[in-house]
Amino acid sequence: MKDPFVLGTILAHPDDETFGVGGTLIKYADEGVRVHSLCLTQGDQGWMGDPERPIVTRERLGAMRAAELAESGRRMGLASTTCLTYPDGALAGVSGDEVVRDIVRWLRRLRPDVVITWGPDGGYGHPDHVAAGERALKAIELAGIQRHEPALGAHWHVRRCYRFVAAADFVDGIREINKQFADYMETLAVKPERWTRDRLGAAIDIREVVERKIDAMKAHATQEPDYREWIASREKIPWLFSEEVFIREFPDAGGPPLETDLFGALRGMSPGSLAKRA
Ligand SMILES: [Zn+2]
């Protein structure tokens, strides 16, 4: 039997996988791809529930969100979820080497053919997202160099890397229905880029799995206001939930041609032969 393809995500917070690229992950997991998610923080600065009646203390929030990620991963059919404990909200300030080493170790252990990470603008400018994307790219490069820290595992070449971005019309839609979020975006140092269709590298149609994406979002119980907001926006702007979009980091960096399958270019080759060539 052919070895299954492996897809890895390297993101910042325990709900990035689900809210961001959950539809894509469900689709590939359904198909038999082994999907592994690496989350760099436990999101411990996030929402704890109604300030009057918090559902968890600040000290317990990180562990609870890691558990929510595990449950959400189970609902999406992921093969594993790993949640590191770098500081939420301050990832950019952590020594790059330390984070990169952890990612290299993870990549060499799980050997993904395709990796998804945050885009250069972190979706909407979130500094942790921007930092996660940068560290992921550095780690992917180092993981493939044989002489680089052999103690972290045998070197591994990721075949394709995609960066999750928020489509320009998606951001416009959010601005329209959520003024508060639009104002928050304005406070961030990195502004979202205008990812118009002609600049995209891949668009994954998630309409068939959207109900399951929403079900997985609901596993993030501590983030209820967030997912409520998202689900409500679906009623107002239905196409918000129709696809997840990416730019391609490599090979053929940038945008077009627009792919509709992150594994399309690899399907002719068996993953086993890819591994042997690595
Ligand atoms: Zn996030």
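Preceding this paragraph is the structure being described.
All of these numbers come straight from a predicted model, not from anything done at the bench.

Asker: Would you explain the pairing of strand β3 (residues 80-86) in this entry?
Answerer: In regular strands, side chains alternate between the two faces of the sheet. Summarising the sheet, strand β2 (residues 34-41) and β3 pair through five bridges and their orientation is parallel. Bridging from a neighbouring strand, Ser37 pairs with Thr81 of β3. What joins β2 to β3 is helix α2 (residues 58-76), and the crossover it makes is right-handed.

Asker: Please explain the packing of helix α3 (residues 96-110) against helix α5 (residues 127-143) as it appears in this structure.
Answerer: α5 packs onto α3 with a crossing angle of 55° between their chain directions and a minimal axis gap of 8 Å. By the angle between their axes, α3 is oblique relative to α5. The two elements α3 and α5 meet at a crossing, and its hand is right-handed. Residues Gly96, Val99, Val100, Ile103, Val104, Leu107 and Arg108 of α3 touch α5, and the partners they reach there are Arg135, Ala136, Lys138, Ala139, Ile140, Leu142 and Ala143. The class makeup of the residues in the contact of α3 with α5 is 10 nonpolar, one polar and three charged.

Asker: Just to check I follow, could you spell out the environment of Tyr227 for this structure?
Answerer: When you line up the elements, Tyr227 lands in helix α9 (residues 224-236). When residues no more than four places from it in sequence are discounted, the contact partners of Tyr227 are Met217, Lys218 and His220.

Asker: Where do I start with the nonpolar core in this structure?
Answerer: One broad rule of soluble globular proteins: the nonpolar side chains tend to lie buried together. Ranked by internal contacts, the top residues of the largest apolar core, which has 65 residues, are Ile103, Ala132 and Ile140. In terms of residue count, the dominant contributor to this core is α5 (eight residues).

Asker: Mind showing me how you'd approach the sheet that holds strand β7 (residues 243-250) here?
Answerer: Strands pair in a sheet through their backbones, by hydrogen bonds, and they do so in one of two ways: parallel or antiparallel. Read across the sheet, seven strands follow the order β3-β2-β1-β4-β5-β7-β6 without closing on themselves; strand pairing throughout is mixed. Looking at which strands have only one partner, the edges of the open sheet turn out to be β3 and β6 (202-205). For this sheet, the mean inter-axis angle between neighbouring strands, taken without regard to orientation, is 25°. Judged from the four bridges that link them, strand β1 (residues 6-11) and strand β4 (residues 114-118) form a sheet pairing that is parallel. Looking at the pairing, Leu7 lines up with Val114 of β4. Its contacts with the sheet place helix α1 (residues 16-31) against β1, β2, β4, β5 (160-165), β6 and β7, and it is angled at close to 180° to β1.

So, how was this worked out
Residues numbered from 1 in each chain as written. Predicted model: local features only at pLDDT ≥ 70, side-chain atom pairs only at ≥ 80, totals over all residues. Pairing = 2+ DSSP bridges. Helix = DSSP H or I, 4+ residues; strand = E, 2+ residues; numbered from the N terminus. Right-handed = clockwise from strand over helix to strand, strands pointing away. Axes fitted to C-alpha atoms, helices over the stretch in contact; angles between N-to-C directions. Parallel < 35°, antiparallel > 145°, perpendicular 65-115°, else oblique. Left-handed = near helix turned anticlockwise from the far one by under 90°. Contact = placed C-beta atoms within 7 Å. Nonpolar A, V, L, I, M, F, W, Y, C, P; charged D, E, K, R; others polar. Core = buried A, V, L, I, M, F, W, Y, C linked by C-beta atoms within 7 Å. Buried ≥ 20, exposed ≤ 12 C-beta atoms within 10 Å, placed from the backbone.

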